[in-house]
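# Residue-level structural notes
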Amino acid sequence: MARPRSSNLFLIALVLLLFGAPGIQARASELVGHVYVQTNETQNRIMHFGRSADGQLKLIESIPTGGAGSGVFKPISGQKSAPNAFEGAGSVILAESKSLLFATNGGDNSVTSFRVGPDGKLTVIDRQPTGEPVTGHSGTAKSLAYRPQSRTLYVLHAFGPNHLRSYTVAAEGKLKLRPERHSVNTETKTDRVSTQAVLSPGGRFLLVDILFDARPAVNPDRSPNLVVANAPDPDGLVIFPVRDDGTLDKPSFADAGGAGPFYIAFLNGSRDTFLNGLAVGDGVLVSRIDDDGRVTDGPLAPVNTALGKPSELCWLQVTSDNSLVLATNFGYGTVSTYRLVEGRLSLLQDPANDGIRGDGTFRAVNGLVSSGPSDSWLTPDDKYFYQIFGNAQVLVSYRLDKTSGRLSEIGRNPIPYNSPQGLAGF
């Protein structure tokens, strides 16, 4: 005897309620991208998150680099525990059509290369020292830049004298250290602190921002003694011409447009126009580099510094259409957004996000308690923005409203305390 139709419908509904429709659950959890964070722990590793279509992140794997991070120790200041240990950017990068991932190991001055599988999973290929010795508690290798034309990987150290070293990257991703050594020091400034190395589109120039003209020290009253770069001397941007084989020519020194240059971001589709974020100048400006390596700067667009100076505006992200700029304020624990129209910046939302609380143990240079935001990343479709808050132990996911410039929090993922640095994805 046939089962009544109503009973069949009831059983189908019960199965759907308990188990979901076949294929629907799989589609809902299907990944559209991947995000990679360096923990910078003393036993360094890469946290690999899968990214779903709604912007949520899920930890897939945690892969040791085989190298050492600085842990919670901050080499640049000597603090036993503080966020933004590298005081820099670009310690994790993707290359060769996202088939390779490179990460610095700041603790032991080495670099690890990974193969990125079709599913985003990582396989360690190689780890090689940068050739610079570690003195004290930690090394300072931090920022990476890759030039595909010559398969050259540049690694920048916070401290010199050899700030820049480089590798040749074999087709399979193995690293071979090159003999060249380069400094960002001058004849009168022999202990400069650099933050980030960036190649111009086309790979003709390597640009380096200088944060301090001398290594930070402590005054007798325990206040920091900071000799900020590009203030007043207009030489905080160092420009190395790049030869066809990836070797660097003699550098020139240019005005970065304000005090404490920290982060460089070229506009999408442009070979000559870039943004520079100023940690002590408290704002962002538009600059241009010509075919001879000469730089001209536009006006500085400051953030609101009513809370105190400096804001320590450091990391930048630019939307794919170059209409919005997102700037992370380390000293405030916030993100500000700018509108960019015809090469001119105007502040849009300041702050653009609701504050993220740290544990109260960390104070920025301005004296404010901060959650220590550092590296950030924006999805290629401009929908989602991710921000490390080291002192709060979270990687926060946001939805970006491109009309208003507001960021709406949509999720949090736990990360180690204070040490994480470096963020890349696709």
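Scroll up a little and you will see the structure.
What counts, and at which threshold
- Residues numbered from 1 in each chain as written.
- Predicted model: local features only at pLDDT ≥ 70, side-chain atom pairs only at ≥ 80, totals over all residues.
- Heavy atoms only, no water.
- Salt bridge = Lys/Arg side-chain N within 4 Å of Asp/Glu carboxyl O.
- Helix = DSSP H or I, 4+ residues; strand = E, 2+ residues; numbered from the N terminus.
- Buried < 20%, exposed > 50% of the residue type's maximum accessible area, 1.4 Å probe, protein only.
- Pairing = 2+ DSSP bridges.
- Axes fitted to C-alpha atoms, helices over the stretch in contact; angles between N-to-C directions.
- Contact = heavy atoms within 4.5 Å.
- Phe/Tyr/Trp six-rings, centres within 6.5 Å; stacked < 30°, edge-to-face > 60°.
- Lys NZ or Arg CZ within 6 Å of the ring centre and 35° of its normal.

## Topic: the pattern of salt bridges
Evaluated as defined, the whole model comprises 21 salt bridges. A salt bridge links Asp191 to Arg215; its shortest N-O distance comes to 3.0 Å. Here Asp191, found in the loop between strand 11 (175-177) and strand 12 (193-199), pairs with Arg215, found in the loop between strand 13 (205-212) and strand 14 (217-218); they are 24 residues apart in sequence, far enough to count as distant. Residue Asp354 is joined to Arg406 by a salt bridge in which the shortest nitrogen-to-oxygen separation is 3.5 Å. Here Arg406 lies in the loop between strand 29 (394-400) and strand 30 (407-414) and Asp354 lies in the loop between strand 26 (344-349) and strand 27 (373-378), a separation of 52 residues in the sequence. According to the relative accessible area criterion, Asp354 is exposed, its value standing at 56%. Assessed through its relative accessible area of 28%, Arg406 is described here as partly exposed. Linked by salt bridges that have partners in common, Lys189, Arg192, Asp213, Asp233 and Asp235 make up one network.

## Looking at the sheet that holds strand 12
If you trace the four strands from one edge of the open sheet to the other, you get 12-13-16-17, paired in antiparallel fashion. In this open sheet, the two strands that pair with only one neighbour each are strand 12 and strand 17 (252-254). When strand polarity is set aside, the average angle formed by the axes of neighbouring strands in this sheet is 25°.

## A short note on the side chain of Asn84
Within the element layout of this structure, Asn84 appears in the loop between strand 3 (57-64) and strand 4 (92-95). Here Asn84 falls in the buried class, since its relative accessible area comes to 1%. Dropping the residues within four chain positions of it, Asn84 is found in contact with Lys74, Trp315, Phe330, Ser374, Asn418 and Gln421.

## Comments concerning the pairing of strand 13
Counting buried positions over the eight residues of strand 13 gives eight, a clear majority of the element. As paired strands, strand 12 and strand 13 are joined by six bridges and run antiparallel to one another. For Ser194, the partnering residue across the bridge sits in strand 13 and is Ile210. What sits between the antiparallel neighbours strand 12 and strand 13 is a turn of five residues, in which Gly202 has the positive phi angle 95°.

## Description of unusual backbone geometry
The phi angle of most residues is negative, glycine excepted, and most peptide bonds adopt the trans form. Residue Pro310 is bonded to the preceding Lys309 through a cis peptide linkage, with omega at -5°. Note on placement: Pro310 falls in the loop between strand 22 (301-302) and strand 23 (313-318). In this model, Asp282 sits at a positive phi of 60°, which is unusual for a non-glycine residue. Mapped onto the fold, Asp282 is located in the loop between strand 19 (273-278) and strand 20 (283-289).

## Quick word on the pairing of strand 9 (residues 152-157)
With six of its six residues buried, strand 9 lies for the most part within the structure. As defined by bridge partners, strand 8 (residues 141-147) adjoins strand 9 across six bridges and the pair is classed as antiparallel. Note that in strand 9 the partner of Tyr146 across the bridge is Leu153. The antiparallel hairpin formed by strand 8 and strand 9 contains four residues in its connecting segment, where Arg151 sits at a positive phi of about 50°. Here five bridges tie strand 9 to strand 10 (residues 164-169), and the two strands are oriented antiparallel to one another.

## Points about the packing of aromatic side chains
Scanning the model with the defined rule gives eight aromatic pairs in all. With 5.7 Å between their ring centres and 35° between their planes, Phe102 and Tyr146 make a pair best called tilted. Residue Phe102 is located in strand 5 (residues 100-105), and its partner Tyr146 is located in strand 8; the two are separated by 44 residues in the primary sequence. The residues Phe102 and Tyr146 share a single accessibility class, namely buried. Aromatic pair Phe330 and Phe362: ring centres 5.4 Å apart, planes at 55°, arrangement tilted. With Phe330 in the loop between strand 24 (324-329) and strand 25 (334-341) and Phe362 in the loop between strand 26 and strand 27, the pair connects residues that are 32 residues apart, well separated along the chain. Side by side, Phe330 and Phe362 carry an identical accessibility label, which is buried. One aromatic cluster is present, built from ring pairs that chain together Phe262, Trp315, Phe330 and Phe362. Here the guanidinium or amino end of Arg215 rests over the ring plane of Phe159, the centre of that ring lying 3.8 Å away.

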